[in-house]
Amino acid sequence: PDIESSYFALECSAYTVPSGDETYSTQGLTIANDTIPTVCGADSVMTIYIYIDDSTAPVPDSPLTDYMGTCSVTPPTPTATDACSGSIIGTTTTPFPITASGTTVVTWTYDDGIGNTSTQMQNVIVGPYVATATQSGITLSAVNSGTYQWLDCGNGNSVIAGAVNADFTPTADGTYAVVITDGACVDTSDCLTVLGVGLAE
């Protein structure tokens, strides 16, 4: 506050205003004493009562749109701005990453540290992870990134030893699929039919 505005009554009619304003930021009541030079030859001491009450909640910096991903999703942390505390980082009780398929409603809370809070809701949508393989002649290729294990569909989806690369060329006609693991995501592609192994053109 401007100290000058707090001068209501003095012993003398003339005084010198102290240079510069003082800044107070402590919540609640602050009692400050200020010495005022006067023309009477003796300084006067004035008691100033400053009461600061921040009752304004933080304001979110932007609207939250739906956040979508597959398998394992962690949305970016939003922020808000408080008139006294500045930038506030959002917090939530929802554990990340979210792995359950479908929509999870996340509640973000902004707390300025002195009892004023605001909230925002956000939909986090986890879609299914789909492993995909393509075929070119008798060579099969996994589309997704990750680690691979090729299977023999015609033999009860048995594991083919050593077939752990993105590309796989079988040594016999049959049907084959690939298990792709990408972090917490695991899925098996559709079976693809391979014919003509070992036949000359």
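In what follows, the accompanying structure is described. (Residues numbered from 1 in each chain as written. Predicted model: local features only at pLDDT ≥ 70, side-chain atom pairs only at ≥ 80, totals over all residues. Heavy atoms only, no water.)

### Thoughts on the packing of aromatic side chains
Worth spelling out the cut-off: Here a pair means two rings of Phe, Tyr or Trp (six-membered ring of Trp) with centres within 6.5 Å. Their orientation is stacked below 30 degrees between planes, edge-to-face above 60, and tilted elsewhere. Helix and strand definitions here come from DSSP, where helices need a minimum of 4 consecutive H or I residues and strands a minimum of 2 consecutive E residues; each element is numbered from the N-terminal end. When accessible area is computed with a 1.4 Å probe and restricted to protein chains, residues below 20% of their type maximum are described as buried, those above 50% as exposed, and intermediate ones as partly exposed.
Scanning the entire structure with this criterion turns up three aromatic pairs. Centroid distance tryptophan 150 to phenylalanine 168: 5.4 Å. Interplanar angle 25°. Geometry classified as stacked. Of this pair, tryptophan 150 sits in strand S11 (residues 147-152) while phenylalanine 168 sits in strand S13 (residues 167-168), placing them 18 residues apart in sequence. A single burial state applies to tryptophan 150 and to phenylalanine 168, both of which are buried. Between phenylalanine 168 and tyrosine 176, the ring centres sit 5.5 Å apart and the planes meet at 65°, which makes this aromatic pair edge-to-face. In terms of burial, phenylalanine 168 and tyrosine 176 fall into one category: buried. Connected via pairs of aromatic rings, a cluster forms that spans Trp150, Phe168 and Tyr176.

### What to know about the state of the cysteines
How we decide: Working definition: a disulfide is two cysteine sulfur atoms within 2.5 Å of each other.
For the coordinates displayed, the defined rule picks out two disulfides. The disulfide bridge from cysteine 71 ends at cysteine 185, spanning 1.9 Å between sulfur atoms. For the disulfide bridge between cysteine 71 and cysteine 185, the dihedral angle about the S-S bond is near -140°, and by the sign convention the bridge is left-handed. Within this pair, whereas cysteine 71 is found in the loop between strand S4 (67-70) and strand S5 (79-82), its partner cysteine 185 is found in strand S15 (residues 185-188), the two being separated by 114 residues in sequence. Like cysteine 71, the residue cysteine 185 is buried in the burial classification. The disulfide bridge from cysteine 153 ends at cysteine 191, spanning 2.1 Å between sulfur atoms. Taking the sign of the S-S torsion, -95° for the link of cysteine 153 and cysteine 191, the bridge is left-handed. Separated by 38 residues along the polypeptide, cysteine 153 in the loop between S11 and strand S12 (158-159) and cysteine 191 in the loop between S15 and strand S16 (192-194) bring together distant segments of the chain.

### Notes on the side chain of asparagine 144
For clarity, the cut-off: Polar contacts, as used here, are pairs of N or O atoms within 3.5 Å; protein pairs need one atom able to donate a hydrogen and one able to accept it. Residues neighboring in sequence count only if both atoms are side-chain atoms. Every residue pair with non-hydrogen atoms within 4.5 Å of one another is taken to be in contact.
Topologically, asparagine 144 is positioned in the loop between strand S10 (139-142) and S11. According to the relative accessible area criterion, asparagine 144 is buried, its value standing at 15%. Polar side-chain contacts of asparagine 144 include one of 2.8 Å to the backbone nitrogen of threonine 132. With residues up to four places along the chain from it excluded, the contact list for asparagine 144 reads Tyr129, Val130, Ala131, Thr132 and Ile180.

### Notes on the environment of threonine 65
For threonine 65, the location among the structural elements is in the loop between strand S3 (59-60) and S4. For the pair threonine 65 and glutamine 122, spaced 57 residues apart in sequence, the C-alpha to C-alpha distance is 6.6 Å. Excluding residues within four positions of it along the chain, threonine 65 makes contact with Gln122 and Asn123.

### Considering the sheet that holds S5
The condition that has to hold: Paired strands, as defined in this entry, are two strands with at least two bridges between them according to DSSP.
Spatial strand order, S3-S5-S6: three strands in an open sheet with antiparallel pairing. The sheet terminates laterally at S3 and strand S6 (86-89), the two strands that pair on one side only. As defined by bridge partners, S5 adjoins S6 across four bridges and the pair is classed as antiparallel. Note that in S6 the partner of threonine 79 across the bridge is isoleucine 89.

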